[in-house]
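Reading the structure
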Amino acid sequence: MIASDLSHAIAQLGDMIADASAIVPFTGAGISTECGIPDFRSPGGLWTRNRPIPFDEFVASQEARDEAWRRRFAMEETLSAARPGRGHRALASLYRAGKIPAVITQNIDNLHQASGIAADAVVELHGNTTYARCIGCGLRVELPRVRQLMQASGHAPDCSACGEPVKTATISFGQSMPENEMRRAADLARSCDLFLVIGSSLVVWPAAGFPVMAKQAGARLVIINNEPTEQDDLADLVIRHDIGESLSPFVHN
Ligand code: NAD
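Residues numbered from 1 in each chain as written. Predicted model: local features only at pLDDT ≥ 70, side-chain atom pairs only at ≥ 80, totals over all residues. Heavy atoms only, no water.

In terms of helices and strands, the protein carries eleven helices and nine strands. Whereas a compact globule of 253 residues would reach a radius of gyration of roughly 18 Å, the protein reaches 19 Å, a difference of no more than 12%. Dimensions of the protein, computed from the C-alpha atoms along their principal axes, are close to 60 × 35 × 30 Å. The buried share of the protein, taken over its 253 residues, is 49%. In the protein, the proportion of contacts linking residues at least 24 apart, taken out of those at least 6 apart, comes to 67%. Where the 23 positive side-chain charges of the protein centre and where its 29 negative ones centre are 4 Å apart. (Helix = DSSP H or I, 4+ residues; strand = E, 2+ residues; numbered from the N terminus. Rg over C-alpha atoms; globule rule 2.2 N^0.38 Å. Buried < 20%, exposed > 50% of the residue type's maximum accessible area, 1.4 Å probe, protein only. Contact = heavy atoms within 4.5 Å. Lys, Arg positive; Asp, Glu negative; His and termini not counted. Charge placed at Lys NZ, Arg CZ, Asp CG, Glu CD.)

Dropping the structure here:
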């Protein structure tokens, strides 16, 4: 059901939150747009300006790796300046109140952790771009170190331990989904009684399968997004409105 006006929708969401004992949020790029990070679809957005570099190309080509890292550092100013928005803060409030066991996110911006949610309660389906890992042995490498190595050699670095390429700790197109995170997300979707989709166009699969899974397991489903999604018909409540405005009544610092 699509809520007719915002105050009515917020009241309905408030009742659902009060009734629920385990709420699982599922967040996408839309929760971070008010923090200055463009979503996937906005025209001219950083993610859409260039064709994404698929994983096999990154592995095969030094040139592709150099380009991937140049793009990543071009976004650094935007990403490092971003602070949690009202949506993140509302979820952090519900987490502190014991209502949210964990958040499932497609985002790679680390803003749920920055809002005060423990890192092990953030299930990152697409990884995290605020640090890097060796694609061979998994060694973690911090970004200032990658920048230093790139500046010294002019090229994207390889791992100091095993020699394989170093990549942001994100899941690229063509890379397999992280098994542990997929399992945890499925368990969360099946065991919650309220599943909140926030700021996702629900077009990226397999991540977009989790709302269906939650609904089939008996949870109520709420979708907060300013444009329609393919799963709106499945939802108990659709709030087609700005996320920050919709969730600010639930921010309790
Ligand atoms: P998406 O860009 O496909 O969809 C975002 C949705 O949020 C859109 O439907 C948009 O209309 C809506 N939206 C944007 N701002 C909003 C606002 N203030 N209020 C209400 N709705 C708003 O994002 P997705 O579904 O997360 O898929 C994109 C993929 O790209 C993800 O898998 C993610 O890994 C990656 N990505 C991540 C980030 C990030 O980490 N912040 C940013 C861009 C893309």
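With that settled, consider the pattern of salt bridges. Scanning the model with the defined rule gives ten salt bridges in all. As a salt-bridge pair, Glu 34 and Arg 86 come within 2.7 Å of each other at their nearest N and O atoms. Of this pair, Glu 34 sits in the loop between strand S1 (23-27) and helix H2 (46-49) while Arg 86 sits in helix H6 (residues 86-96), placing them 52 residues apart in sequence. Taking relative accessible area as the criterion, Glu 34 reaches 36% and is therefore assigned partly exposed. On the basis of relative accessibility, which here comes to 30%, the residue Arg 86 falls in the partly exposed class. The shortest N-O distance in the salt bridge between Arg 72 and Glu 76 comes to 2.8 Å. Look at the salt bridges and you will find they share partners, linking Glu 34, Arg 86 and Asp 242 into a network. (Salt bridge = Lys/Arg side-chain N within 4 Å of Asp/Glu carboxyl O.)

Leu 13, Phe 26, Leu 125, Phe 195 and Phe 210 are the most contacted members of the largest nonpolar core, which has 53 residues in total. Ranked by the residues each element gives to this core, the list is headed by helix H1 (residues 6-19), at six residues. Excluding residues that lie within four positions of it along the chain, Leu 125 makes contacts with Phe 26, Ile 104, Thr 105, Ile 171, Met 177, Pro 178, Glu 181, Met 182, Ala 185, Ala 207 and Phe 210. Counting residues in hydrophobic clusters, the runner-up holds 14 residues, among them Ala 64, Trp 69, Phe 73 and Cys 159. (Core = buried A, V, L, I, M, F, W, Y, C linked by side-chain atoms within 4.5 Å.)

Taken together, 26 residues sit near the ligand, with Gln 106, His 126, Ser 201, Asn 226 and Glu 227 positioned nearest. Between the ligand and Ala 29 there is a distance of 2.8 Å, counted from an oxygen atom to a backbone nitrogen or oxygen. The separation between a nitrogen atom of the ligand and a polar side-chain atom of Thr 33 is 2.9 Å. Alone, the ligand offers 850 Å² of accessible surface; in the complex the protein occludes 94% of this. Counted by class, the shell around the ligand contains eight nonpolar, 13 polar and five charged residues. Here the shell around the ligand gathers at least three residues from each of two domains, domain 1 (1-37 + 84-126 + 177-253) and domain 2 (38-81 + 127-170). (Near = heavy atom within 4 Å. Polar contact = N/O pair within 3.5 Å; in protein donor to acceptor, adjacent residues only side chain to side chain. Areas by Shrake-Rupley, 256 points an atom, 1.4 Å probe, with all protein chains shown as cover. Nonpolar A, V, L, I, M, F, W, Y, C, P; charged D, E, K, R; others polar. Domains from an automatic or database assignment.)

This paragraph deals with the packing of helix H4 (residues 62-74) against helix H8 (residues 143-153). Two quantities define a packed helix pair, namely the angle between the axes and the distance from one axis to the other. H8 packs onto H4 with a crossing angle of 125° between their chain directions and a minimal axis gap of 12 Å. Viewed along their axes, H4 and H8 adopt a mutual orientation that is oblique. Crossing of H4 over H8 shows left-handed handedness. In this structure, H4 uses Asp 66, Trp 69, Arg 72 and Phe 73 to contact H8, whose residues at the interface are Leu 143, Val 146, Arg 147 and Met 150. When its residues are assigned to classes, the contact of H4 with H8 shows five nonpolar, no polar and three charged. (Axes fitted to C-alpha atoms, helices over the stretch in contact; angles between N-to-C directions. Parallel < 35°, antiparallel > 145°, perpendicular 65-115°, else oblique. Left-handed = near helix turned anticlockwise from the far one by under 90°.)

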